[in-house]
Amino acid sequence: MKTGKNTEKEEKIIENRKVRPGELFVVAGSIGQIGIRTLLAEKPDWFSPWFSASYLERILQEEEPYLFDEEKPLKELVDRFGITGWRAVGEGGILKAVWDFSGEQGIGLTFGLRRIPVKQHVIELCEQCGANPYAIWCGRCLLLAVKEGWQLVQNLREQGMEAEVIGAAEAGIARRICHGEDGTGYLERPREDELYRLLGRDGLKLADQ
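Only a predicted model underlies this, so the values are computations on that prediction, with no experimental measurement involved.

*Asks:* Can you help me understand the overall build of the protein chain in this one?
*Replies:* Of regular secondary structure, the protein chain possesses eight helices and seven strands. Sequence separation of 24 or more characterises 84% of the internal contacts of the protein chain that already satisfy a separation of 6 or more.

*Asks:* Is there a simple way to think about the pattern of salt bridges in this case?
*Replies:* Oppositely charged side chains are able to pair whenever their charged atoms sit close together. Counted under the stated rule, the structure contains 11 salt bridges. Close ionic contact of D100 with K96 constitutes a salt bridge, the shortest N to O distance being 2.6 Å. Of the two residues, D100 and K96 are both situated in helix α5 (residues 93–105); the distance of four residues between them amounts to about one turn of the helix. Assessed through its relative accessible area of 18%, D100 is described here as buried. Here K96 falls in the partly exposed class, since its relative accessible area comes to 29%. One salt-bridge network, held together by shared partners, links R87, K96, D100 and E104.

*Asks:* Honestly, the layout of surface pockets in this entry has me stumped. Any pointers?
*Replies:* Over the atoms, a rolling probe the size of a water molecule traces out where space has been left empty. Roughly 390 Å³ of internal volume is contained in the largest pocket. Lining of the largest pocket is provided by 16 residues; of these, L95, N132, L187, E188 and P190 occupy positions nearest its centre. When grouped by side-chain class, the residues that make up the lining of the largest pocket number eight nonpolar, two polar and six charged.

*Asks:* When you look at the packing of aromatic side chains in this model, what are you seeing that I'm missing?
*Replies:* Scanning the model with the defined rule gives four aromatic pairs in all. Measuring from centroid to centroid gives 6.0 Å for W137 and Y196, while their planes differ by 75°, and the two rings are edge-to-face. Placement of W137 in the loop between α6 (120–129) and β4 (142–146) and of Y196 in helix α8 (residues 194–199) is noted, with a sequence separation of 59 residues between them. In terms of burial, W137 and Y196 fall into one category: buried. Here the guanidinium or amino end of R175 rests over the ring plane of W99, the centre of that ring lying 3.8 Å away. The ring of Y196 has R201 lying over it, and the distance from NZ or CZ to the ring centre is 3.8 Å.

*Asks:* Explanation requested: the packing of helix α2 (residues 33–42) against α6 in the structure shown.
*Replies:* Helix packing for two helices is described by the angle between their axes and how far apart those axes are. At their nearest, the axes of α2 and α6 sit 10 Å apart, and the two run at 50° to each other. In terms of their interaxial angle, α2 and α6 are classed as oblique. In this structure, α2 crosses over α6, and the sense of that crossing is left-handed. For the pair α2 and α6, contact is made by Q33, I36, L39 and L40 and by H121, V122, L125, C126 and C129, respectively.

*Asks:* Quick question: what am I supposed to make of the nonpolar core here?
*Replies:* A general trend in soluble globular proteins is that nonpolar side chains are found buried together. Residues F25, I94, L95, F111, I116 and L143 are the most contacted members of the largest nonpolar core, which totals 25 residues. Listed by contribution, the elements that provide at least two residues to this core are β1 (24–28), α5, β3 (108–112), β4 and β5 (163–170). At six residues, the largest contribution of residues to this core is made by α5. When neighbours within four sequence positions are excluded, F111 is seen to be in contact with L95, V98, I116, I166, G167, R176, I177, C178 and L187.

*Asks:* Honestly, the pairing of β5 in this entry has me stumped. Any pointers?
*Replies:* The side chains of a regular strand alternate, first on one face of the sheet and then on the other. For β5, a buried count of six out of eight residues is recorded, marking the element as mostly surrounded by other parts of the structure. Relative to β5, β1 runs antiparallel, the two being bridged by five bridges. Its bridge partner lying in β5, L24 is registered against A168.

Thresholds, definitions, all that
Residues numbered from 1 in each chain as written. Predicted model: local features only at pLDDT ≥ 70, side-chain atom pairs only at ≥ 80, totals over all residues. Heavy atoms only, no water. Helix = DSSP H or I, 4+ residues; strand = E, 2+ residues; numbered from the N terminus. Contact = heavy atoms within 4.5 Å. Salt bridge = Lys/Arg side-chain N within 4 Å of Asp/Glu carboxyl O. Buried < 20%, exposed > 50% of the residue type's maximum accessible area, 1.4 Å probe, protein only. 1 Å grid on protein atoms, 1.4 Å probe; cavity = no way out; pocket = protein on both sides within 12 Å on 5 of 7 lines; lining within 4 Å. Points joined across faces, edges and corners; volume = space filled by probe spheres on them. Nonpolar A, V, L, I, M, F, W, Y, C, P; charged D, E, K, R; others polar. Phe/Tyr/Trp six-rings, centres within 6.5 Å; stacked < 30°, edge-to-face > 60°. Lys NZ or Arg CZ within 6 Å of the ring centre and 35° of its normal. Axes fitted to C-alpha atoms, helices over the stretch in contact; angles between N-to-C directions. Parallel < 35°, antiparallel > 145°, perpendicular 65-115°, else oblique. Left-handed = near helix turned anticlockwise from the far one by under 90°. Core = buried A, V, L, I, M, F, W, Y, C linked by side-chain atoms within 4.5 Å. Pairing = 2+ DSSP bridges.

Bear in mind that shape data such as this cannot, by itself, settle questions of function.
Have a look at this one:
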């Protein structure tokens, strides 16, 4: 699949819609990859004693494809699956995207932390340096509100994309987060991105996507 960007016109088509209770939240793409590549590029000594050089090099060289392009524009999926809103997941990670998106829509939600797509190497390297993989910069990753979320996920997977239903919109403004066997709590207001906490803001340069 070619890489490309969604057009401004396509983005406005989705932004003008309203998310309703019962609609599903879908994550398309995988979280934390640009953040962990940035940490690895800036602080290789944090990881080299614990992981092989070839493994770390593969992570650095991995490219994230655009989720949608000229061959499969996001616009085509809006009416087909009932996409009512979306937000690019970037600075602050997926938790900030959930917080901001639900706040902008004035909607509550319940979502499962363990349902969020995340690659094993992101978890491993975050654990090694004490970073939260759910609060670190993401690259080509989208959070979408969808009427037919399960069907959208199946469609995206058939196209070779990572995608998962992570939760559902609810009436009210509460943001509930499920931790599996550890129970359910409430999403706290996100703090600064983990890259800022670990590397500082001055001169920070993100790794290539």
